[in-house]
Amino acid sequence: MKFTLRTRGETFDLMFPSGISLLEFLQSQEIPVNAACGGKGTCTKCRCKVEKGFLPISVADRKAFNESELASGWRLSCQARPRTSLSAFLPGSENLRLKPRVVEFTDLSTTAPKSARLVCDLGSTGVVVAVIDGTSGKLLVESHLLNKQIPFGADVMTRLESAQRKGTEPLRKALFDTFRICLKSLDEAFKGGLAEKLVDRKLYVSGNSVMTSFLAALSIEELAVAPFQPASTDENRFEWEGYEIVTLPLLGGFVGGDTFAGIAALLDRQAPTPWMLVDIGTNTEIVSFDGEKMFFSSAPAGPAFEGGNITHGMRAEMGAISQATYSRESGWKLTTIGDDVAKGICGSGLMDVLAQAVAGGVITEDGYVPDGQVRLTEDIFLTADDVREFQLAKSATRTAIDLMIDRAGVSPNKIYLAGTFAQHLDLKSVRAIGLLPNDIESEAIGNASLTGVILRAISPESEIEKVKSEIDTKKIAIELALQDDFQDRFVRNLNFPKDAS
Ligand code: FES
């Protein structure tokens, strides 16, 4: 069957095999589709509009679209199984084919031969491959790209489900495709001379347990089902296209190499104990260290913090509402990334909007939306379901923090927030909505995963062994969902604090 696809200024003429969904076909063609729920028909992000031909209406379509949208051809591509030739428009396609964003920190022409090293922060959403000075660890140039696994699902659970259905190979290939594009852009930054600047052909990678397992071809059998354990927590080394890839060790469960890197970064800066490290994301990872015992755990928050499963949610890209204030008199004042026309709301904007909406009485403390919607612009609004989705993510994270403080038996001096996402949050809003405790100081420490993997790359093996053995001997896993008071706390934390402002 012939399939013509129109998306963001590009038109593709493709041959469509029978028996698979439109989403599966687009993924097989490496056409990026936002499939936040991994094809379950619940997130509505994979919507497409039939322009010519016929697609039957599925049960999930009826829930996702109203009558007039269905009549104009809107369908969910994950539910669509075309039986005739078709032309369709795909608005939600994320242009993952775009070149990476390259940031140069120095005049690269002055880099001495055999002086640099390669490191990577392999996030579920964003990937950074960087060239650093091999001795000082100073960043020379970074290449940022969205993880090419995104079309397989917004978070690690949906990607694991995809791997269980279709095998891990497509997900592993997506990671290598991401690396290849980033490395090419870095080579271009060195005018084709990257290889001669490198001390060796090693690429040190810090990634969560799922990313590391896919990358190192570890079995995901036990990671995909409770109690969610990776096949190995050791450092992995393997060859790939002339590089030796070295992955950071994992702590266990979903607490992976990125958290190992974060701990290494805090130990290196001799952060006064007791401290807590929190990496807020689709899967929030938490470590609490009192100098003797290192408790660690993770909380599946889902994609709401990244705008996933939110009607007008989007990633922190041009046009995303990133800041907001509200007053009864003047209504909403919104700031968008790049001062562009508002296209949606990203995670930091969402926190501002909710903090302001609760303070302004637009939403009640228990998350009830009296008007049914929080309208920010003519086209962009939050629904009651969106607020609920956010409450679930917020409560999962806050409950995890509270339980970790409780089980560790000591309140941290400071909560260190890892990750670039946390760097863009207004901590006042974050506290106002109750995501973080009000009475504990917090500090955003930027991309601790990258800082830690840089330490790994430039430190002698003995130093790394010391950190690893310190973590190994002190670490204690906390299974949050098995704690007696988890459910009570979770329900309590769904509410927004009384004094949100
Ligand atoms: S609704 Fe199709 S991927 Fe989520």
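Residues numbered from 1 in each chain as written. Predicted model: local features only at pLDDT ≥ 70, side-chain atom pairs only at ≥ 80, totals over all residues.

Let us now look at the overall build of the protein. Across its full length, the protein holds 15 helices and 23 strands. For 501 residues, the compact-globule formula gives about 23 Å, and the C-alpha radius of gyration of the protein, at 23 Å, lands near that figure. Taking the principal axes of the C-alpha coordinates as reference, the protein spans close to 65 × 55 × 45 Å. The proportion of buried residues among the 501 residues of the protein is 50%. (Helix = DSSP H or I, 4+ residues; strand = E, 2+ residues; numbered from the N terminus. Rg over C-alpha atoms; globule rule 2.2 N^0.38 Å. Buried ≥ 20, exposed ≤ 12 C-beta atoms within 10 Å, placed from the backbone.)

Our focus in this paragraph is the domain arrangement of the protein. Domain parsing of the protein yields domain 1 (2–89), domain 2 (101–247) and domain 3 (268–501). With centres defined by C-alpha atoms, the gap from domain 1 to domain 2 works out at 31 Å. Counting residues at the interface gives seven residues for domain 1, matched by eight residues for domain 2. (Domains from an automatic or database assignment. Contact = placed C-beta atoms within 7 Å.)

Attention now moves to helix α10 (residues 384–408). For α10, with 25 residues, the first-to-last C-alpha span of 36 Å sits near the 36 Å given by 1.5 Å per residue. Of all 25 residues that make up α10, 18 are buried, and the element is covered over most of its length. Count one or two residues on from α10 and you reach G409, which has phi positive near 75°. (Expected span 1.5 Å × (residues − 1).)

A few words now on the confidence of the model for the protein. Overall, the prediction assigns the protein a mean pLDDT of 90, with 97% of residues at 70 or greater. By mean pLDDT, strand β2 (residues 10–15) is the weakest element of the protein at 78, and strand β7 (residues 116–122) is the strongest at 98. (pLDDT = per-residue confidence, 0-100.)

Our next topic: the sheet that holds strand β17 (residues 331–336). Reading across the sheet, the three strands line up as β17-β16-β18 and stay open at both edges, with mixed pairing between neighbours. Of all the strands in the sheet, just β17 and β18 (344–345) have a single pairing partner and so form its edges. Here two bridges tie strand β16 (residues 320–327) to β18, and the two strands are oriented parallel to one another. Along β18, the bridge assignment pairs I321 with I345. Most of the contacts of helix α9 (residues 347–359) go to β16, to which it runs at about 10°, and overall it touches β16 and β18. (Pairing = 2+ DSSP bridges. Axes fitted to C-alpha atoms, helices over the stretch in contact; angles between N-to-C directions.)

The end-to-end C-alpha distance of α9, which contains 13 residues, comes to 18 Å, matching closely the 18 Å that a straight helix rising 1.5 Å per residue would cover. With respect to burial, α9 is a largely interior element, 12 of its 13 residues being buried. Every buried residue of α9 is accounted for by G347, S348, G349, L350, M351, D352, V353, L354, A355, Q356, A357 and V358.

A few words now on the nonpolar core. Ranked by internal contacts, the top residues of the largest apolar core, which has 148 residues, are V119, C120, V129, L277, L354, Y416 and V453. Ranked by residue count, the leading element in this core is α10, at 10 residues. (Core = buried A, V, L, I, M, F, W, Y, C linked by C-beta atoms within 7 Å.)

Spatially, the six strands line up as an open sheet ordered β22-β21-β13-β14-β15-β23, and their pairing is mixed. The sheet is open, and its two borders are formed by β22 (441–446) and β23 (475–477), each paired with just one other strand. Across the sheet, the mean angle separating the axes of adjacent strands is 25° when strand polarity is ignored.

A word on the packing of helix α8 (residues 257–268) against helix α13 (residues 448–458). Relative to each other, α8 and α13 sit at 75°, their axes nearing to 7 Å. With respect to α13, the axis of α8 lies roughly perpendicular. Residues D258, F260, A261, G262, A264, A265 and D268 of α8 touch α13, and the partners they reach there are A448, S449, T451, G452, V453, L455 and R456. Of the residues in the contact of α8 with α13, the class split is seven nonpolar, four polar and three charged. (Parallel < 35°, antiparallel > 145°, perpendicular 65-115°, else oblique. Nonpolar A, V, L, I, M, F, W, Y, C, P; charged D, E, K, R; others polar.)

Cis geometry is adopted by the peptide bond preceding P227, which originates at A226 and carries an omega value of 5°. Tracing the chain through its elements places P227 in the loop between α7 (209–215) and β11 (236–240). For the bond from T273 to P274, the omega torsion is -5°, close enough to zero to count as cis. Its location among the elements puts P274 in the loop between α8 and β13 (275–279).

The next subject is the environment of C43. Summarising the element assignment, C43 is placed in the loop between α1 (22–28) and β3 (47–52). The exposure class assigned to C43 is buried, which follows from the 24 C-beta atoms found within 10 Å. Excluding residues within four positions of it along the chain, C43 makes contact with A36, C37, G308 and N309.

The subject of this paragraph is the environment of L251. Positionally, L251 belongs in the loop between β12 (243–247) and α8. Distance in space between the C-alpha atoms of L251 and E51 is 50 Å, their sequence separation being 200 residues. Dropping the residues within four chain positions of it, L251 is found in contact with T233, G256, T259, F260, F296, I471 and K475.

Right, let's talk about the pairing of β7 for a bit. By the criterion of burial, β7 is predominantly enclosed, with seven of the seven residues buried. Where β7 lies against strand β8 (residues 126–133), seven bridges are found, and the strand directions are antiparallel. Considered in β8, the bridge of A116 is made with D133. Looking at chain direction, β7 and strand β10 (residues 198–207) are connected through six bridges and run parallel. The residue bridging L122 from the neighbouring strand is G207, located in β10.

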